[in-house]
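The primary structure of each chain is shown beneath.
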Amino acid sequence: MTRQLMLVTLAAMAAATPAISEIAPTAVAYTEGKISESLTGTPGDPVAGVKVMTTNALGNCVACHVIGALPDVPFQGNIGPALDGVASRYDEAQLRGIVANSKLTFEGTFMPAFYKTDGFVRPGNAYTGKAPESELTPILTAQQIEDVVAYLVTLKE
Amino acid sequence: MQKQMIKTLAASAAFGLALTGMAMSTPVDDKLVIEGEEGTIELVTSTKAPEHLQEVMDTIYSGWHYREDDTRSMQMDDFDNPAMVFVDRGRDLWNAAIGKNGESCAGCHNGPESMKGLRAVTPRVDAKTGKLMTIENYVDACVTERMGLEAWGWTGDKMKDTLALISMQSRGEIVNVAIDGPAAPFWEKGKEVYYTRYGQLEMSCASCHEENQGLFIRSDHLSQGQINGFPTYRLKDAGILSAQQRFVGCVRDTRAETFKPNSDEFKALELYVASRGNGLSVEGVSVRH
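Let me begin by describing the structure that accompanies this report. These numbers were taken from a predicted model, which means no experiment stands behind them.

Cut-off values and rules
- Residues numbered from 1 in each chain as written.
- Chains lettered and ligands numbered in written order.
- Predicted model: local features only at pLDDT ≥ 70, side-chain atom pairs only at ≥ 80, totals over all residues.
- Heavy atoms only, no water.
- Phe/Tyr/Trp six-rings, centres within 6.5 Å; stacked < 30°, edge-to-face > 60°.
- Buried < 20%, exposed > 50% of the residue type's maximum accessible area, 1.4 Å probe, protein only.
- Lys NZ or Arg CZ within 6 Å of the ring centre and 35° of its normal.
- Salt bridge = Lys/Arg side-chain N within 4 Å of Asp/Glu carboxyl O.
- Helix = DSSP H or I, 4+ residues; strand = E, 2+ residues; numbered from the N terminus.
- Pairing = 2+ DSSP bridges.
- Axes fitted to C-alpha atoms, helices over the stretch in contact; angles between N-to-C directions.

## Focus on the packing of aromatic side chains
- Under the counting rule described, the total for this entry stands at nine aromatic pairs over all chains.
- Relative to Y195(B), the ring of Y194(B) lies with its centre 5.1 Å away and its plane at 70°, an arrangement referred to as edge-to-face.
- Residue class for Y195(B) comes out partly exposed when judged on its relative accessible area of 32%.
- Aromatic ring contacts, followed pair by pair, group W187(B), Y194(B), Y195(B) and Y272(B) into a single cluster.
- One residue, R72(B), lies across the ring of W64(B), its end atom 5.5 Å from the ring centre.
- Across from the ring centre of Y127(A), 5.0 Å away, lies the NZ or CZ of R255(B), which sits over that ring.

Next comes the structure, spelled out in structure tokens:
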């Protein structure tokens, strides 16, 4: 088996079994806010990342951040800093940590934690206003976090 | 922070985003002069922050300053203000003999103008019972105790039409809710709710309406969250909204389990938020989007 073929086979296996190596929200190891390891072991897809970042019901990052690189996305908010060039300011581990739980990097920040399931005051059942009926799920899945990070690392100055 | 803002604005301009025009207006410099049946009236929509707020802001602004031109102008002529339909409905209800024994609001209180001033000082603590009273609480007491009726839904049409009518009687009066004496514990409770970061998004009222007022969440221009304009005709809902109804929407949007209208928490919050607007005019019934 050639080396290339082996890599393709490994990648295919990883894609088919995403849950095996997935790190749960409560098991994430942060080092000074950073997450060094992938949450899934499956490389993120930057195209899927853009979809997460610009879809209201998913990450909706553009609600608060301008992404000049996505000029077709209307009504980009300005609560947080623009994301253009963000990969020149933070490395991948920092970006993963900020997306998963930015409060461990920026104390008291407005930014929600997208991969966190406990420690909330009166959490609800998504946007229904009602109490949750089962355990909370994170706002984004582990793979969606990886997809967002995969796009963010392309935003170099 | 300012540098960041300039950068953000520059980025928006460079990429031709629709928000450039909106982002410049934070809040709009304009005067609210209303053409009404009894002539024109100018309202106080910005003024020095009340003393208890001066550590966090210098000036308070009505939400009117944060809305777009056409929404603002809709409130400048009673003929164009869609909320007036609800005030008229409230007047019909006021005069109707709806009580178990034919009682009406007018039977005891005469014309609705007898309610002048009430909106400016509520929520307030009732001297006899020691309870915190919103206008809805007063209406509810009349409906259930004096008129012998089933309670009206807290955010139902009858309650809100009556609220709109009563609020209109105080248009132009300056908001001046008491925060000391018997009101103090309620006010403290409301302040605690205001600054608590609720829900899975971990946002407090202050996160948006104090720390980020004037900025945009997507297309939403964040105001100071003042309630001097409530009840308001909300274009998005094509109907009248009470302050506590808006609180429900805000807390829900933080992915939280909300409190209910007329809960102790939201009553206290209404008092606290009202006090952040001490000094602004009651707008009677406003128009927002």
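## Considerations on the pattern of salt bridges
- For the coordinates displayed, the defined rule picks out 16 salt bridges over all chains.
- Here E146(A) and R96(A) are joined by a salt bridge, their closest N and O atoms 2.8 Å apart. Linking E146(A) in helix α5 (residues 142–152) with R96(A) in helix α4 (residues 92–101), this pair joins segments that are 50 residues apart in sequence.
- Note on R96(A): relative accessible area 1%, which makes it buried.
- In this structure, D253(B) and R252(B) form a salt bridge, with 3.3 Å as the shortest nitrogen-oxygen distance.
- Residue classification places R252(B) among the partly exposed residues on the basis of a relative accessible area of 30%.

## Considerations on the sheet that holds strand β10 (residues 239–241) of chain B
Residues and elements named next belong to chain B.
- Taking strand neighbours across the sheet as the criterion, the three strands line up as β10-β9-β11 in an open arrangement whose pairing is mixed. Of all the strands in the sheet, just β10 and β11 (286–288) have a single pairing partner and so form its edges. Along the sheet, successive strands turn relative to each other by an average axial angle of 40°, direction set aside.
- As defined by bridge partners, strand β9 (residues 232–234) adjoins β11 across three bridges and the pair is classed as parallel. Along β11, the bridge assignment pairs R234 with R288.

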